[in-house]
Amino acid sequence: MRQTCWDTRCAGQRRNPPLTHYARAWYLFLAGVMVFLAASPQPLWAQSASRSAISGLIVQNQLDDAERQLWSVLSQQPDQGWALDLMAEIRTRQKRTPEAEALFRRALTLSPNDVQAYRGLGQLYDSLGNSPQAIESYSHAIAIAPADVGANVELAVLYQKAGQYKESVAAAQRVPAVSRPPRILPILAEDYFQTGEAAKVPPLIQSLLRHANSEPEVLRDFVTVLLRNGYLDDAAGIMATVMPAKPSADHLQTLALVRAAQRKPQEAMALLSQALKLQPKSFELLFDSAGLAAQQNRWDEMIDFLRRADEVQPNRPEVLQKLSLGLMKTGRRAGAVAAARRLNSIQPDNPDNEYVLAFTLIEGDLPEEAEPVARKLAAARPDDANSQLLLGIAEFKTGDAAGAKRDLQRCLTIDPHSADAHYYLALMGRREGNIDAARGELEEVVRTNPEHASAQAELGTLYLQTGNLEQARIVLEQAVKLAPSVSQYHYHLGLTYSRLGMQEPARTEMDTYNRLRQTEDEEHKRERSVAQPPASSEQP
């Protein structure tokens, strides 16, 4: 029998055992692999290491170093899919959108089942606000890898934004419960509320509590969902349970939202102030603070918060909309118009922005500029009473009586209770000498909208003109009470007191009129200087 030696004692006979058929085949396979690796420009294990290292650089935002390494790979292997995907990710971060899209598409041409490329396209389209294409891209990824966590989570978010709540739930549920990231919890909670499955929300709260301290942003989003759907007690209960030793700014902001919902605005504002000390440049904190200040009619504070938010993240439409209206409410018309113009330059052809611009131009005594904007808006929204009203007011102020009457009547056809439409029709009636029609319109406005200061004042001056002094006194006193800072209201009330023989109250009203008039004149001069800066002293 043939001896088989396995150790060095048989060195003189045979150093290695005989190869079986399968062993010989395995040996030849390994030899072939070694030949392939030796001939390859870069070993496979090195490629894997490079991919991992480059991905790490991208995560750390060291994009230049990552790009250099990727070029070294692509220069030798221009069709290397993973390198194309990573280069596309770099271009996405650099906001070089066309290049990123082309790279992802190239990778998919080479490998139609490249899940990472589809995920990358989904992220790219989402960042551009193109939800339909983002959903389509992530759906392709799911078709290839149904349990892909990242793609399903992003699909759940996108479907919810689109109001497709059942599809959002389906995407979230494709991710096993143990693998669901905490950020999916508020998404699912909102989905369940919208699909009438509120009973499925409480189990989510138990999952939330496990992450509440480590994921304060998720806690805030979840509590916001509860508040939005009327579950104030549950939101307050969660915040009473989650009590970190050192509250973060996010935690303080969330607690402020609950206190505001509980109608404790002072406590809410104190919490937001405390949070702003920790994160003075937080856009969300500044914006929430502005909203809370507005709820308390603290307009100057609201404007200050909005301006600070605009410095942190310039040109956010939601900030400019509220800033423009806040400036107008506080009488800073030039600033309001400037904010509205900037808003429309950022988002042109947006009807909501055009409404703000037309409104501020009208209130800023610029009806000629307001009229074409209002006309475009009314054409885009023919069934919207407010759009027709703005056009009617602009036409009234530019002297187009026929157009104003037509569009104000059109507004009343849509909304018969529009106080401002009745008010401006009353002004037109008075301008045309139809005192009875004007009085009827104004009396209707005051009856149905007693807080309409302009209608009260106009009706009072009409009563004064027709000699109905006692009625004039009653409505003008109400107008002054509603809008004490309008000088003309005090002037007409002073005239009424004087004609009634009430000399002391008359003098008081006239003194108030003169003081307010001086303030108004100074404000108008300041606004004109802001709107029209001094010309350069240099010669042309």
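Residues numbered from 1 in each chain as written. Predicted model: local features only at pLDDT ≥ 70, side-chain atom pairs only at ≥ 80, totals over all residues. Heavy atoms only, no water.

Considering the overall build of the chain
Along the chain, the regular secondary structure elements total 29 helices and zero strands. By the burial criterion, 41% of the 540 residues in the chain qualify as buried. In the chain, 46% of the contacts between residues at least 6 apart in sequence involve partners at least 24 apart. Carbon and sulfur atoms make up 52% of the accessible area of the chain, which totals about 29400 Å². (Helix = DSSP H or I, 4+ residues; strand = E, 2+ residues; numbered from the N terminus. Buried < 20%, exposed > 50% of the residue type's maximum accessible area, 1.4 Å probe, protein only. Contact = heavy atoms within 4.5 Å. Areas by Shrake-Rupley, 256 points an atom, 1.4 Å probe, with all protein chains shown as cover.)

Brief notes about the environment of Leu323
Residue position: Leu323 is located in helix H18 (residues 317-329). In this structure the C-alpha to C-alpha distance between Leu323 and Leu306, which are 17 residues apart in sequence, comes to 6.3 Å. If we skip the residues at most four places from it in the chain, Leu323 touches Ile303, Leu306, Arg307 and Ala339.

As for the packing of aromatic side chains
Enumeration over the complete set of coordinates arrives at five aromatic pairs. Ring geometry for Tyr423 and Tyr424: centres 5.2 Å apart, planes at 80°, overall edge-to-face. One exposure class covers both Tyr423 and Tyr424, and it is buried. (Phe/Tyr/Trp six-rings, centres within 6.5 Å; stacked < 30°, edge-to-face > 60°.)

A closer look at unusual backbone geometry
A positive phi angle is found at Asn297, which is not glycine, with a value near 60°. By the element assignment, Asn297 lies in the loop between helix H16 (283-295) and helix H17 (299-312). We classify Asn297 as exposed; its relative accessible area is 54%.

Quick notes on the packing of helix H20 (residues 351-363) against helix H22 (residues 385-397)
Viewed as axis vectors pointing N to C, H20 and H22 meet at an angle of 30°, and their least axial separation amounts to 10 Å. Accordingly, the angle class assigned to the pair H20 and H22 is roughly parallel. Relative to H22, H20 is oriented so that their crossing is left-handed. Of the residues in H22, those touching H20 at Tyr355, Ala358, Phe359 and Ile362 are Asn386, Leu390, Ile393, Ala394 and Lys397. Tallied by class, the residues present in the contact of H20 with H22 amount to seven nonpolar, one polar and one charged. (Axes fitted to C-alpha atoms, helices over the stretch in contact; angles between N-to-C directions. Parallel < 35°, antiparallel > 145°, perpendicular 65-115°, else oblique. Left-handed = near helix turned anticlockwise from the far one by under 90°. Nonpolar A, V, L, I, M, F, W, Y, C, P; charged D, E, K, R; others polar.)

Focus: the pattern of salt bridges
Throughout the structure, instances matching the rule amount to 35 salt bridges. Between Glu197 and Lys200 there is a salt bridge whose closest N-O contact spans 2.8 Å. Note on Lys200: relative accessible area 38%, which makes it partly exposed. Ionic pairing is found between Lys376 and Asp349, a salt bridge with its closest N-O pair at 2.5 Å. One end of the pair, Lys376, is in helix H21 (residues 367-380); the other, Asp349, is in the loop between helix H19 (333-346) and H20, and 27 residues separate them in sequence. Overlapping salt bridges bring together Glu371, Arg375, Glu395, Arg406, Asp407 and Arg410 as one network. (Salt bridge = Lys/Arg side-chain N within 4 Å of Asp/Glu carboxyl O.)

Let's talk about the nonpolar core
In terms of nonpolar packing, the biggest core is built from 91 residues, with Leu70, Leu219, Phe222 and Ile238 touching the most fellow members. Setting aside anything within four residues of it in sequence, one finds Leu219 in contact with Leu208, Ala212, Ile238, Met239, Val242, His251 and Thr254. Counting residues in each nonpolar core, the second largest holds 56 residues, with Leu320, Leu412, Ala453 and Leu464 among its members. (Core = buried A, V, L, I, M, F, W, Y, C linked by side-chain atoms within 4.5 Å.)

Describing the packing of helix H7 (residues 131-144) against helix H8 (residues 149-161)
Helix packing for two helices is described by the angle between their axes and how far apart those axes are. Running from N to C, H7 and H8 cross one another at 150°; their axes reach a closest spacing of 9 Å. Judged by the inter-axis angle, H7 sits roughly antiparallel to H8. The chirality of how H7 crosses H8 is left-handed. Contact residues: Ser131, Ala134, Ile135, Tyr138, Ser139, Ala141 and Ile142 in H7; Ala151, Asn152, Glu154, Leu155, Leu158 and Tyr159 in H8. For the contact of H7 with H8, the residue count by class is nine nonpolar, three polar and one charged.

Side note on helix H10 (residues 184-194)
By the criterion of burial, H10 is predominantly enclosed, with 10 of the 11 residues buried. Residues of H10 that are buried make contact with H8, helix H9 (165-173), helix H11 (201-211) and helix H12 (216-228). The first or second residue beyond H10 is Gly196, which carries a positive phi of 75°.

Examining the side chain of Gln296
Residue position: Gln296 is located in the loop between H16 and H17. A polar contact is formed between the side chain of Gln296 and the side chain of Gln266, at a distance of 3.2 Å. A distance of 3.3 Å separates the side chain of Gln296 from the backbone oxygen of Leu292, its partner in a polar contact. Non-local contacts of Gln296, meaning those with residues more than four positions away in its chain, are made with Pro265, Gln266 and Met269. (Polar contact = N/O pair within 3.5 Å; in protein donor to acceptor, adjacent residues only side chain to side chain.)

So, the side chain of Glu154
Among the structural elements, Glu154 can be located in helix H8. A polar contact of 2.8 Å, which involves the side chain of Glu154, links it to the side chain of Arg183. Leave out the neighbours within four places in its chain, and Glu154 touches Tyr138 and Arg183.

Considerations on the environment of Gly335
Secondary-structure assignment places Gly335 in helix H19. C-alpha of Gly335 to C-alpha of Leu325: the two residues are 10 residues apart in sequence and 9.9 Å apart in space.

Here we look at the confidence of the model for the chain
Mean pLDDT over the chain: 86, with 88% of residues reaching 70 or higher. Considering each helix and strand of the chain separately, the mean pLDDT is smallest for helix H1 (residues 21-39), with a value of 35, and largest for H17, with 96. Below a pLDDT of 50 lies the segment residues 1-48, which in the model reaches 22 contacts outside its immediate sequence neighbourhood of four places, other chains included. Every residue in residues 533-540 scores below 50 in pLDDT, and together they form zero contacts with partners more than four places removed in sequence or on other chains. (pLDDT = per-residue confidence, 0-100.)

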